[in-house]
Protein chains: 2
Amino acid sequence: MAPNIDVIAFDADDTLWHTESMYSNVEAKIIPILAPYQSQAIIEQVMHSNEIHNLEFYGYGIKSFILSLVESAVEISQSRIPSCDILRIIELGKEMLTAKIQLLEQTQPTLDKLSSSYQLMLITKGDLNEQEPKIKRSGLLGYFKYIDVLTDKTPSSYSSLLSRYGINPAQFLMVGNSLRSDIAPVLSLGGWAVYIPYSSSWSHENASIPESSKERYYEIKHLGELPDLLNHLVNQ
Amino acid sequence: MAPNIDVIAFDADDTLWHTESMYSNVEAKIIPILAPYQSQAIIEQVMHSNEIHNLEFYGYGIKSFILSLVESAVEISQSRIPSCDILRIIELGKEMLTAKIQLLEQTQPTLDKLSSSYQLMLITKGDLNEQEPKIKRSGLLGYFKYIDVLTDKTPSSYSSLLSRYGINPAQFLMVGNSLRSDIAPVLSLGGWAVYIPYSSSWSHENASIPESSKERYYEIKHLGELPDLLNHLVNQ
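Residues numbered from 1 in each chain as written. Chains lettered and ligands numbered in written order. Predicted model: local features only at pLDDT ≥ 70, side-chain atom pairs only at ≥ 80, totals over all residues.

## A few points about the overall build of chain A
Then step 1. Counting its regular elements, chain A contains 9 helices and 6 strands.
Then step 2. Here the C-alpha radius of gyration of chain A, 19 Å, is about what a compact globule of 236 residues would show, namely 18 Å.
Then step 3. Dimensions along the principal axes, computed over C-alpha positions, put chain A at roughly 65 × 35 × 30 Å.
Then step 4. Going through the 236 residues of chain A one by one, you find that 42% of them count as buried.
Then step 5. A separation of at least 24 residues holds for 69% of the contacts in chain A among residues at least 6 apart in sequence. (Helix = DSSP H or I, 4+ residues; strand = E, 2+ residues; numbered from the N terminus. Rg over C-alpha atoms; globule rule 2.2 N^0.38 Å. Buried ≥ 20, exposed ≤ 12 C-beta atoms within 10 Å, placed from the backbone. Contact = placed C-beta atoms within 7 Å.)

## Some details on the relation of the copies chain A and chain B
The two chain copies are related to each other by a rotation about an axis together with a translation along it.
Then step 1. Of the transformation placing chain A onto chain B, the axial shift is 0.0 Å and the rotation is 180°, giving an RMSD of 0.0 Å. This pairing of chains is accounted for by a two-fold axis.
Then step 2. Interface overlap between copies is the fraction of interface residues in one copy that are interface residues in the other; for chain A against chain B it reaches 100%, indicating a shared surface. (Least-squares fit on C-alpha atoms with pLDDT ≥ 70 in both.)

## Examining the sheet that holds strand 3 (residues 146–150) of chain B
Residue and element names in this part refer to chain B.
Then step 1. Reading across the sheet, the 6 strands line up as 3-2-1-4-5-6 and stay open at both edges, with parallel pairing between neighbours. At either margin of the open sheet sits one strand with a lone partner, and together these are strand 3 and strand 6 (217–219). Strand-to-strand twist in this sheet, taken as the mean axis angle between neighbours without regard to direction, amounts to 20°.
Then step 2. Both strand 5 (residues 192–195) and strand 6 contribute to a ladder of 3 bridges, which runs parallel. Residue Ala193 lies in a different strand from strand 6, and its bridge partner there is Tyr217.
Then step 3. Against the sheet, helix 8 (residues 179–188) makes contact with strand 2 (119–125), strand 4 (172–176), strand 5 and strand 6, and its axis sits at roughly 155° relative to strand 5, the strand it touches most. (Pairing = 2+ DSSP bridges. Axes fitted to C-alpha atoms, helices over the stretch in contact; angles between N-to-C directions.)

## Looking at the pairing of strand 3 of chain B
Consecutive residues of a regular strand have side chains that alternate between opposite faces of the sheet.
Residues and elements named next belong to chain B.
Then step 1. As defined by bridge partners, strand 2 adjoins strand 3 across 5 bridges and the pair is classed as parallel. Paired with Ile123 across the strands is Asp148, a residue of strand 3.
Then step 2. What joins strand 2 to strand 3 is helix 6 (residues 128–138), and the crossover it makes is right-handed. (Right-handed = clockwise from strand over helix to strand, strands pointing away.)

## What about the domain arrangement of chain A?
Residues and elements named next belong to chain A.
Then step 1. The domain architecture assigned to chain A consists of domain 1 (7–17 + 101–234) and domain 2 (20–98).
Then step 2. One C-alpha centre belongs to domain 1, the other to domain 2; they are set 29 Å apart.
Then step 3. In this complex, domain 1 contributes 10 residues to the contact, which on the side of domain 2 involves 8 residues.
Then step 4. When its residues are assigned to classes, the side of domain 1 that touches domain 2 shows 2 nonpolar, 4 polar and 4 charged. (Domains from an automatic or database assignment. Nonpolar A, V, L, I, M, F, W, Y, C, P; charged D, E, K, R; others polar.)

## Let's talk about the packing of helix 2 (residues 40–58) of chain B against helix 3 (residues 62–76) of chain B
All names here are of chain B.
Then step 1. Viewed as axis vectors pointing N to C, helix 2 and helix 3 meet at an angle of 135°, and their least axial separation amounts to 9 Å. On the basis of their axis angle, the class for helix 2 and helix 3 is oblique. For the crossing formed where helix 2 meets helix 3, the hand is right-handed. Residues Ile43, Val46, Met47, Asn50, Glu51, Asn54 and Tyr58 of helix 2 touch helix 3, and the partners they reach there are Ser64, Phe65, Leu67, Ser68, Leu69, Glu71, Ser72, Glu75 and Ile76.
Then step 2. A breakdown of the residues in the contact of helix 2 with helix 3 according to their chemical character gives 8 nonpolar, 5 polar and 3 charged. (Parallel < 35°, antiparallel > 145°, perpendicular 65-115°, else oblique. Left-handed = near helix turned anticlockwise from the far one by under 90°.)

## Examining the interface of chain A and chain B
Then step 1. Between chain A and chain B, the residue contacts involve 28 residues of the former and 28 residues of the latter.
Then step 2. The set of elements that each furnish at least two residues to the side of chain A that touches chain B consists of helix 2 (40–58), helix 3 (62–76), helix 4 (83–98) and helix 6 (128–138) of chain A.
Then step 3. Examining the composition of the side of chain A that touches chain B, we find that 8 residues originate from one element, helix 4 of chain A, more than from any other.
Then step 4. For the side of chain A that touches chain B, the class distribution of residues is 15 nonpolar, 8 polar and 5 charged.

## Re the pairing of strand 5 (residues 192–195) of chain A
All names here are of chain A.
Then step 1. Judged by which residues are buried, strand 5 turns out to be covered on both faces: Trp192 and Val194 on one side and Ala193 and Tyr195 on the other are all buried.
Then step 2. Pairing geometry for strand 4 (residues 172–176) and strand 5, over 4 bridges, is parallel. Paired with Leu173 across the bridge in strand 5 is Trp192.
Then step 3. A crossover connection joins strand 4 to the parallel strand 5 through helix 8 (residues 179–188); in handedness this β-α-β unit is right-handed.

## Brief notes about the environment of Leu140 of chain A
Residues and elements named next belong to chain A.
Then step 1. With respect to the helices and strands, the residue Leu140 is situated in the loop between helix 6 and strand 3 (146–150).
Then step 2. Sequence separation between Leu140 and His18 is 122 residues; the distance between their C-alpha atoms is 14 Å.
Then step 3. The contact partners of Leu140, leaving out residues within four places of it in the chain, are Leu16, Leu111 and Ile135.

In structure tokens form, the structure reads like this:
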């Protein structure tokens, strides 16, 4: 079945620009601050488990991450960490919030090629207050007809988004680095999906692809391969 | 000029449900924790000035408020605050994020009356991750045809919202407790606005109404007065 794709949607974090490396860089700066109190293995384990546990309260994003890190720092040090070190964690958060956006190497040339033939869309999840300024600072605003920030990427959140804009899922293709957030929900609605693994994808984001959706699912190594894949698909 | 209003939009925080009292209750719990280090006047001044200053980094919302409080606590105590007290601030934040929604007394009967004659809309600002669960927990979801969370309420953000849904500003009325966020931007686009002061409106939110917009601007004491005002307006 040759698809008739109208709209190509992109995840942003770790699909168009680097994000996860910024989080792991901050964790790497915090480990030495907490090293007097615990082993590196325990520090990492507490940080990650609080981060996942707190998604329920905070959702995704930098402020959530920093609040979790403060909590982890107190827990790991058994309340012995001096409050000037807590302030250091808060400052690292502000640095993250204002950091320069690092586009992936293939982002701009790929969007350039595709924007003449397709309607492009940006669908991120997380904190609206954080994602909106990032999209502006990225310099990519002009490429996208539609931009949306969701609290979570589920079949129902994609479904309301597509119906809001009157987009048929069969003519919709989503590109992203998370099987769980970008790929599986779109396939479940009858859409098309292209998975581009990021070097260090978060294990929380894994999911498997059902056999029945495999003809609408593709995996490529980097964004630069997307235009050729699309040419191949529509000329099948 | 008798208006022909189709869509009535409501601010949520301190218009449909109580919010500011939750923030001031938390501040009241933090003042005794910081009392050993500074006078109440200085504590309040530092807390408020950090909160305003940090809007630039964090935007609005509970997570932003808590991050600012942690910073203020370290600053006020000159880094002497023990980290178990920092943890207490973090816990107060989680309590705020999961607190029961306290509707204003007139909210439900007013929405009941208006929903049969108008399309209702909810427009909040702040943190999508915080506002979306609050809207769900409020039990008011069913009243609203449109729901939107904006990072900030400016003439341009209202204008894109209205054009996205094809709403003519002259047929749009906004109801809220902030002259700056709910009233002035909507009047500037040619829309109608009803101001309902909340008992302790935040001074950051003040603004004045230009003479040229005064015929589209009304002030009432509480939400329960809105249906009568609308009847009066359309029968002018």
